[in-house]
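# Architecture at a glance
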Amino acid sequence: MPQNHSQSIPERFSNSVVGNYSRFPLVVREARGLEIIDTDGKRYLDMGSGIAVNCLGHGHPALREALARQFEKLDHISNLYFFEEQVALAEQIIDRIAPGKCFFCNSGAEANEALIKLARKFGDSSGGRYDIITTHNSFHGRTLATIAATGQQKVRTGFGPLFPGFSQVAFNDLNALEEAVTDSTVAILLEGVQGEGGLTPASPEYLRGIRELCTKRNMLFLMDGVQCGHYRTGRFQSIQRILDLPDSAPSEWLPDAISLGKSLGGGFPTAGIWAAARVQDVLSAGSHGTTYGGNPLACAAALAVLQTIADGNLDQNIRSLENVLRSELESLRQRYPEAIESVRGLGFMQGLVLREDAGLFKANQSQAASVQACLAAQGAGLIVIPAGPKVVRFLPPYIASSDDIAEAVQLMDTALAALANSSGTK
Ligand SMILES: Cc1ncc(COP(=O)(O)O)c(C=O)c1O
């Protein structure tokens, strides 16, 4: 049957695509670098990076060329065989963390599933333990196990009974964690910087305390690095940044395993885990798998992303511009103290914490303050992303310059001024 193209693209979506996302009213036509163009030709500055994915911006030539070259050479082959691209990527990841092994899959949720299965297998062989403690406001994915792991009720509603073996405690509260541990606890899983939960970094004392607790009780310390990993905080993994750990060296403070995703492929879907030497062989032959995981194209993309970050010292770029982003956002807070409560986050993962009860957002009670601010930003030509009801996330691509950041904050200023005008508070 011919498609009815007289309808708008959003209308066609509502007829043909499951409505599980609330999409912003923006129809994207194309994107290059930090620029997104909609179907009316309007330009937007992209400070969302496809939710922390397009770390090299859009359409980066290194990624395009690596994918084209790889497609000519070897596209997909399956994990029934050996091929160099996958082991080369594993070696590069190990080089950036510490000795261990990697497993590859396709999405962040699957990477966390692999961590959960690793913990269950480890617990099975060490006293039959299977409980995993996670934190309030965490986000670990949308599969049945990862919604049970996620510390946000909204992702679970309607999907009961929940997958068993998960409980949550307050983030950054070591006492609460210690009290929650029982003889059946096998692992603790948390993000180094909570992403969807509102950009809260773990404190150094908390991370060290968890490591000590896990070692003492023979539990696994698992970190979800899907959003905050892969250089988003200016170091390969957030714990290396927060505890100032060396690259490529075993450290007593490292976790036992870390999930990877999002920026790993720079836009090509891929994900995985790194498991420390001590648990690297827990997932033995036949215990886990996925058809596409670590396929040659995905690995070539991930290798090109790592090479481009290294060649351009992009991690250094993040560390040196982190304060520019923070102080620009801080000056915005000073201009709108009635609407912005604080600035928080780390590296290229920072944002504005809004005052939900500000007059600016009150006129429209049906939308969260963060969504209203992101819509206003879109109107001004800026893409930023909500993290919960009151945080607006800036997740610049690693290639962003100080001029890009200044432009982004200026556009956000325009957006807040427009919101103030329309709500009659200015
Ligand atoms: C910290 C964290 N873990 C896991 C996920 C799930 O990743 P995916 O959507 O690729 O399954 C996300 C996605 O936002 C995330 O932010």
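Residues numbered from 1 in each chain as written. Predicted model: local features only at pLDDT ≥ 70, side-chain atom pairs only at ≥ 80, totals over all residues. Heavy atoms only, no water.

### Describing the sheet that holds strand S2 (residues 35-38)
The strands that make up a sheet pair up through hydrogen bonds in the backbone, lying either parallel or antiparallel. One open sheet holds the four strands; their spatial order is S1-S2-S3-S15, and the pairing between them is mixed. Two strands close off the open sheet at either side, each with one partner strand: strand S1 (28-32) and strand S15 (382-383). Across four bridges, the pairing between S1 and S2 is antiparallel. Paired with Ala 31 across the bridge in S2 is Ile 36. Packing of helix H14 (residues 402-423) onto the sheet brings it into contact with strand S3 (43-46) and S15, and relative to S3 it is tilted by some 115°. (Pairing = 2+ DSSP bridges. Helix = DSSP H or I, 4+ residues; strand = E, 2+ residues; numbered from the N terminus. Contact = heavy atoms within 4.5 Å. Axes fitted to C-alpha atoms, helices over the stretch in contact; angles between N-to-C directions.)

### Structural notes on a nonpolar patch on the surface
Residues Ile 9, Phe 13 and Val 17 make up a contiguous nonpolar surface patch of roughly 210 Å² in combined accessible area. Looking at the secondary structure, you find Val 17 in the loop between helix H1 (9-16) and S1. Classification of Val 17 as partly exposed rests on a relative accessible area of 37%. (Patch = residues over 30% accessible without salt bridge, like charges linked within 9 Å, V, L, I, M, F, W, Y side chains within 5 Å. Areas by Shrake-Rupley, 256 points an atom, 1.4 Å probe, with all protein chains shown as cover. Salt bridge = Lys/Arg side-chain N within 4 Å of Asp/Glu carboxyl O. Buried < 20%, exposed > 50% of the residue type's maximum accessible area, 1.4 Å probe, protein only.)

### What to know about the site of the ligand
Surveying the vicinity of the ligand reveals 13 residues, the closest of which are Gly 108, Ala 109, Asp 224, Gln 227 and Lys 262. Contact distances for the ligand include 2.8 Å between an oxygen atom and a backbone N or O atom of Gly 108. A distance of 2.8 Å separates an oxygen atom of the ligand from a polar backbone atom of Ala 109. Relative to its unbound accessible area of 390 Å², the ligand is 81% covered by the protein chains. The leading source of residues in the shell around the ligand is helix H5 (residues 108-124), at three residues. Partitioned by chemical class, the residues of the shell around the ligand number three nonpolar, six polar and four charged. (Near = heavy atom within 4 Å. Polar contact = N/O pair within 3.5 Å; in protein donor to acceptor, adjacent residues only side chain to side chain. Nonpolar A, V, L, I, M, F, W, Y, C, P; charged D, E, K, R; others polar.)

### Topic: the packing of helix H3 (residues 61-73) against helix H10 (residues 296-311)
When two helices pack together, their arrangement is given by the angle between their axes and by how far apart the axes lie. At a closest axis distance of 9 Å, the pairing of H3 and H10 adopts a crossing angle of 150°. Put simply, H3 runs roughly antiparallel to H10. For the crossing formed where H3 meets H10, the hand is right-handed. Two secondary-structure elements touch here, H3 through Ala 62, Leu 63, Ala 66, Leu 67, Gln 70 and Phe 71 and H10 through Pro 296, Leu 297, Ala 300, Ala 301, Ala 304, Val 305 and Thr 308. (Parallel < 35°, antiparallel > 145°, perpendicular 65-115°, else oblique. Left-handed = near helix turned anticlockwise from the far one by under 90°.)

### A closer look at the packing of aromatic side chains
A complete count under the given rule lists three aromatic pairs for this structure. Ring geometry for Phe 163 versus Phe 166: centroids 6.2 Å apart, planes at 40°, classification tilted. If you follow Arg 208 out to its NZ or CZ, it ends over the ring of Trp 253, 5.8 Å from the centre. (Phe/Tyr/Trp six-rings, centres within 6.5 Å; stacked < 30°, edge-to-face > 60°. Lys NZ or Arg CZ within 6 Å of the ring centre and 35° of its normal.)

### Focus: the state of the cysteines
Inspection of the entire model under this criterion finds zero disulfides. There is no disulfide at Cys 299, and the cysteine sulfur nearest it, in Cys 102, is 9.9 Å away. (Disulfide = S-S within 2.5 Å.)

### So, unusual backbone geometry
In this model, Gly 160 is joined to Pro 161 through a cis peptide bond whose omega is -5°. For Pro 161, the location among the structural elements is in the loop between helix H6 (144-149) and strand S6 (166-169). Despite not being glycine, Leu 199 has its phi angle at roughly 70°, a positive value. Relative to the assigned elements, Leu 199 resides in the loop between strand S8 (193-194) and strand S9 (200-201). Relative accessible area serves as the criterion here: at 0%, Leu 199 is assigned to the buried category. The residue Lys 262 is not glycine, and still its phi comes out positive at about 40°. Summarising the element assignment, Lys 262 is placed in the loop between strand S11 (257-260) and strand S12 (271-276).

### As for the side chain of Glu 191
Residue position: Glu 191 is located in strand S7 (residues 185-191). The residues touching Glu 191, leaving out its near neighbours within four places in the chain, are Ser 138, Phe 139, His 140, Phe 171, Glu 196, Met 223 and Asp 224.

### Remarks on the domain arrangement of the protein chain
Splitting the protein chain by domain gives domain 1 (9-59 + 314-423) and domain 2 (74-311). One C-alpha centre belongs to domain 1, the other to domain 2, and the line joining them spans 27 Å. In this complex, domain 1 contributes 28 residues to the contact, which on the side of domain 2 involves 26 residues. Taken as a group, Leu 346, Met 349 and Tyr 398 account for 29% of the area that domain 1 buries against domain 2, more than any other trio of residues on that side. Run the count over domain 1 and domain 2 and you get two salt bridges. Note that Arg 393 is salt-bridged to Glu 196, the shortest N-O span being 2.8 Å. Linking domain 1 with domain 2 are 13 residue pairs in polar contact (both at pLDDT 80 or more), by the criterion used here. Elements with a contribution of two residues or more to the side of domain 1 that touches domain 2: helix H2 (49-52), helix H11 (314-335), strand S13 (340-346), strand S14 (349-354) and strand S17 (391-394). Top contributing element to the side of domain 1 that touches domain 2 by residue count: H11, with five residues. (Domains from an automatic or database assignment. Buried area = accessible area lost by both parts, 1.4 Å probe.)

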